[in-house]
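# Structural features, examined
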Amino acid sequence: MANSLYLASLEPDSGKSLVTLGLMDMLSRRTDGVGYFRPVVPANARIDTRIALVLGRYGLDFAPDDMYAYTAPQVEHMIAEGHIDEVFTNTLHAYKEIERRCGFVLCDGTDFTGVATTFEFDFNVAVANHLGCPVLPLINGHNRTADDIVAAVQPASESLRAEGAVGAAASVNRVSE
């Protein structure tokens, strides 16, 4: 069994916060030493809101600054400067510090903050692959038919395959009746 899972949204409003809380609830009951890690956080707050929520709800013994590697503007700058390998390396080091202290680490991928949707999912898959985490793609099913949802899963599968990453499953949220 894997000792980690990486949540990666295919688009905004995919229910990642809800899935994070559900998985953390389940894991905290079944696993000793659950950790939580966000490779990249938005830069609009002193403490990332999901990190603060998870810390407060599950009483994790980590400093908020240790639970992420970069802010979104830092990553955007480093990629523009051609330093993506450094992003992956430093993210792996930060992740390994969490992993070293935990039996299981839930990784919460980036949020859609103006970056192209396809690039963002591909970036998350690449990060997950560098960390050795299986990926759980999250899909927004709101106002979509079953065929639309299946079509949305296809690019996720292709991205996972292209990166050589492992897909754990897929989660479709906000589905109407």
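Thresholds, definitions, all that
- Residues numbered from 1 in each chain as written.
- Predicted model: local features only at pLDDT ≥ 70, side-chain atom pairs only at ≥ 80, totals over all residues.
- Heavy atoms only, no water.
- Salt bridge = Lys/Arg side-chain N within 4 Å of Asp/Glu carboxyl O.
- Helix = DSSP H or I, 4+ residues; strand = E, 2+ residues; numbered from the N terminus.
- Buried < 20%, exposed > 50% of the residue type's maximum accessible area, 1.4 Å probe, protein only.
- Disulfide = S-S within 2.5 Å.
- Arc of directions from axis to C-beta.
- Pairing = 2+ DSSP bridges.
- pLDDT = per-residue confidence, 0-100.
- Axes fitted to C-alpha atoms, helices over the stretch in contact; angles between N-to-C directions.
- Parallel < 35°, antiparallel > 145°, perpendicular 65-115°, else oblique.
- Left-handed = near helix turned anticlockwise from the far one by under 90°.
- Contact = heavy atoms within 4.5 Å.
- Nonpolar A, V, L, I, M, F, W, Y, C, P; charged D, E, K, R; others polar.

Next up on the list: the pattern of salt bridges. Counted by the stated rule, this structure contains 9 salt bridges. Asp25 is paired through a salt bridge with Arg57; the nearest N and O atoms lie 3.5 Å apart. In this pair, Asp25 sits in helix 1 (residues 16-30) while Arg57 sits in helix 2 (residues 49-58), placing the two residues 32 residues apart along the sequence. Between Arg38 and Asp108 there is a salt bridge, with its nearest N and O atoms 3.8 Å apart.

So, about unusual backbone geometry. Unusually for a residue other than glycine, Asn143 sits at a positive phi of about 55 degrees. Topologically, Asn143 is positioned in the loop between strand 5 (135-140) and helix 6 (146-163). Relative accessible area serves as the criterion here: at 64%, Asn143 is assigned to the exposed category.

Let us look at the state of the cysteines. Going through the model one piece at a time under the given rule, you end up with 0 disulfides. Of all cysteine sulfurs, the one in Cys133 lies closest to Cys107, which takes part in no disulfide; the gap is 3.9 Å. Look at Cys133 and you get buried, because its relative accessible area is 4%.

Moving on, we get to helix 3 (residues 72-80). Along helix 3, the residues classified as buried are Ala72, Val75 and Met78. The buried side chains of helix 3 occupy one side of the element, clustering within an arc of 130 degrees when seen end-on. Gly82 occupies a position one or two residues after helix 3 and carries a positive phi of about 80 degrees.

Let us now look at the pairing of strand 1 (residues 4-9). Among the 6 residues of strand 1, 6 are classified as buried, and the element is accordingly described as predominantly covered. Burial along strand 1 is two-sided: Ser4, Tyr6 and Ala8 and Leu5, Leu7 and Ser9, pointing in opposite directions, are all buried. Inspection of the sheet shows strand 1 paired to strand 4 (residues 104-108) by 4 bridges, in the parallel sense. From the neighbouring strand, Tyr6 faces strand 4, where its bridge partner is Cys107. As paired elements, strand 1 and strand 5 share 4 bridges and run parallel to each other. Note on strand 5: the bridge partner recorded for Ser9 is Leu138.

Moving on: the confidence of the model for the protein chain. Low-pLDDT stretches of the model should not have their predicted coordinates read in fine detail. Residues of the protein chain with pLDDT of at least 70 account for 94%, and the chain-wide mean is 88. Strand 6 (residues 171-173) is the least confidently modelled element of the protein chain, averaging 80 in pLDDT, while strand 4 averages 97, the highest of any element.

Right, let's get into the sheet that holds strand 5. Reading across the sheet, the 6 strands line up as 3-2-4-1-5-6 and stay open at both edges, with parallel pairing between neighbours. Each edge of the open sheet is held by one strand with a lone partner, namely strand 3 (68-71) and strand 6. Neighbour-to-neighbour, the strand axes of this sheet turn through a mean angle of 20 degrees, independent of strand direction.

A word on the packing of helix 1 against helix 2. Where helix 1 contacts helix 2, the two axes come as close as 11 Å, and the packing angle between them is 25 degrees. On the basis of the axis angle, helix 1 is roughly parallel to helix 2. The way helix 1 lies across helix 2 gives a crossing that is right-handed. Packed against helix 1, whose contacting residues are Lys16, Ser17, Thr20, Leu21, Met24, Asp25 and Ser28, the element helix 2 presents Arg50, Leu53, Val54, Arg57 and Tyr58 at the interface. Looking at side-chain class alone, the contact of helix 1 with helix 2 contains 5 nonpolar, 3 polar and 4 charged residues.

On to the pairing of strand 2 (residues 34-41), then. The two faces of the sheet receive side chains in turn, since in a regular strand these alternate between them. Among the 8 residues of strand 2, 8 are classified as buried, and the element is accordingly described as predominantly covered. Of the strand pairs in this sheet, strand 2 and strand 3 are connected by 3 bridges, and their pairing is parallel. Bridge pairing in strand 3 places Val41 opposite Thr71.

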